[in-house]
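# A look at the structure
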Amino acid sequence: MPSPLPPLPSDTILAPMAGVTDVAFRLLCKKDGAGLTVTEMRSAHALARANKAVMRLIDVVPEEAPRCIQLFGQKPEYFVQSAKFLENKGEIIDLNFGCPASQIIQQGAGSALLERPNQIQKIVAAVSSAVNLPVTCKLRLGINSHKINVVKIAQLCEQSGAAMITVHARTQKQGYTGKADWSWIKKVKEAVKIPICGNGDVRTPEDYLRMKTETSCDLVMIGRGAIGNPFLFNQIEEYKKTGKYTPRTQTQQLQDFFAYLKLAEKYNVDFNYIKFHALSFTKGIAGSAQLREKLSRMKTVEEIKKEMEVLTKTIN
Ligand SMILES: Cc1cc2nc3c(=O)[nH]c(=O)nc-3n(C[C@H](O)[C@H](O)[C@H](O)COP(=O)(O)O)c2cc1C
């Protein structure tokens, strides 16, 4: 019997984003109101081979439970072995059938699998019967606009035991460009019974509500809109309750960075993530252009902290 999704405190999900969604950033988004966060994708093949470097990259901590760990790969047996390894490290396993990056497609993984619905079916069936955890799937619409097959694949995922399906409403060919076509989220929602999570181009509380209203999706996943702005989850919660939301101030933006930094230091987050977030949390702040130039050359957390403190004083 496939496991259902556990109850979540909110219907918003922080999207998995390689190079962005480290443990500190995920915890901050949760604190701000995200109902679920997902790790960036990890190779099922490397995990199945007990690759220690990849094992160390599974950076989940009990405080963020339910922990959702995303895997990419191609062969059902590798997915099964790695999912078993993860069984006591997380509460949900997410399977990536959407990544458009060329190095992933060349392995026959990520969105390349959209051309092989039967292989997707085998992977989902194998993983959901091998582990006692809910298995979720993240899909794109298809390879290109002439080959949209997301409805059929969503039905196969449901029949094979998936507990939720996320639809990123773009094709593989679109990459991250063009507009997400939400009408396909609605079509998938009408075709299956399990929860559907809509994804693509949600950047404001108004976008969140519009996606829910237009598609009837159960959950909304947010990626780029949350970069440098975990407060968006907070605003969405407020908007749901009151129809209004508190605008974010620059002070709030920098306070969020320091909250991120505290968590990043606590959990030993790699310096490259910290630098990325220092740059993203200072976007749009007057006078930050020079600082951002400096930040990109910095080599230690102390240097970043010092500069961010100076910037905080200038905006107060
Ligand atoms: C920098 C970056 C890294 C990403 N890494 C992943 C990933 O590891 N796994 C995945 O399923 N999607 C990944 N995505 C796609 C996002 O999860 C999401 O589907 C996409 O950005 C669309 O949502 P948005 O319009 O809210 O950003 C990534 C996106 C970005 C921008």
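About the cut-offs
Residues numbered from 1 in each chain as written. Predicted model: local features only at pLDDT ≥ 70, side-chain atom pairs only at ≥ 80, totals over all residues. Heavy atoms only, no water. Helix = DSSP H or I, 4+ residues; strand = E, 2+ residues; numbered from the N terminus. Rg over C-alpha atoms; globule rule 2.2 N^0.38 Å. Buried < 20%, exposed > 50% of the residue type's maximum accessible area, 1.4 Å probe, protein only. Contact = heavy atoms within 4.5 Å. Areas by Shrake-Rupley, 256 points an atom, 1.4 Å probe, with all protein chains shown as cover. Salt bridge = Lys/Arg side-chain N within 4 Å of Asp/Glu carboxyl O. Phe/Tyr/Trp six-rings, centres within 6.5 Å; stacked < 30°, edge-to-face > 60°. Lys NZ or Arg CZ within 6 Å of the ring centre and 35° of its normal. Core = buried A, V, L, I, M, F, W, Y, C linked by side-chain atoms within 4.5 Å. Domains from an automatic or database assignment. Near = heavy atom within 4 Å. Polar contact = N/O pair within 3.5 Å; in protein donor to acceptor, adjacent residues only side chain to side chain.

## Examining the overall build of the chain
Each helix and strand counted, the chain has 14 helices and 9 strands in total. The C-alpha radius of gyration of the chain comes to 19 Å, within 12% of the 20 Å expected for a compact globule of 316 residues. Taken along its principal axes, the extent of the C-alpha atoms in the chain is 60 × 45 × 35 Å. By the burial criterion, 57% of the 316 residues in the chain qualify as buried. Counting contacts in the chain only where the partners sit at least 6 residues apart, residues at least 24 apart contribute 67% of the total. A total of about 13800 Å² of accessible surface is found on the chain, and carbon and sulfur atoms cover 53% of it.

## With respect to the pattern of salt bridges
According to the stated counting rule, one finds 18 salt bridges in the structure shown. Of the charged contacts, one joins D11 and K240 as a salt bridge, the two residues approaching to 2.7 Å between their closest N and O atoms. Taken together, the residues span a long stretch of sequence, with D11 in the segment before β1 (12-14) and K240 in helix α10 (residues 231-242) at a distance of 229 residues. What makes K240 partly exposed here is its relative accessible area of 35%. Close ionic contact of E265 with K305 constitutes a salt bridge, the shortest N to O distance being 3.4 Å. With a gap of 40 residues between them, E265 in helix α11 (residues 250-266) and K305 in helix α14 (residues 301-315) connect regions that are remote in the sequence.

## Topic: the packing of aromatic side chains
Going through the model one piece at a time under the given rule, you end up with 6 aromatic pairs. Centre to centre, the rings of Y239 and Y245 are 5.6 Å apart; their planes meet at 80°, and the pair counts as edge-to-face. Relative to F258, the ring of F257 lies with its centre 5.9 Å away and its plane at 65°, an arrangement referred to as edge-to-face. An aromatic cluster is defined as three or more aromatic residues linked by ring pairs; in this entry it consists of F25, F257, F258, Y260 and F281. Over the face of the ring belonging to Y176 we find R140, whose NZ or CZ atom lies 5.1 Å from the ring centre. For the cation-ring pair, K187 lies above W184, with the distance from its terminal atom to the ring centre recorded as 4.0 Å.

## Considerations on the nonpolar core
With 85 residues, the main nonpolar core has L95, F97, V127, L139, C157, Y260 and V269 as its most contacted residues. Two domains each donate at least three residues to this core, and these are domain 1 (12-242) and domain 2 (250-315). Leaving out residues up to four positions away in the same chain, Y260 has contacts with D22, A24, F25, L28, V269, Y273, I274, H277 and F281. Core analysis: the second largest hydrophobic core is formed by 11 residues, I13, C68, M164 and M221 among them.

## Focus on the site of the ligand
Taken together, 16 residues lie near the ligand, and P16, Q70, N199, D201 and R224 sit nearest. Here an oxygen atom of the ligand sits 3.2 Å away from a polar atom, N or O, in the main chain of M41. Note that an oxygen atom of the ligand is positioned 2.6 Å from one of the side-chain N or O atoms of N199. Burial of the ligand by the surrounding chains reaches 89%, relative to a free accessible area of 600 Å².

## Here's the deal with the environment of T12
Considering the arrangement of structural elements, one finds T12 in strand β1. The residues touching T12, leaving out its near neighbours within four places in the chain, are G33, A34, G35, L36, Y208, V220, F233, I236 and E237.

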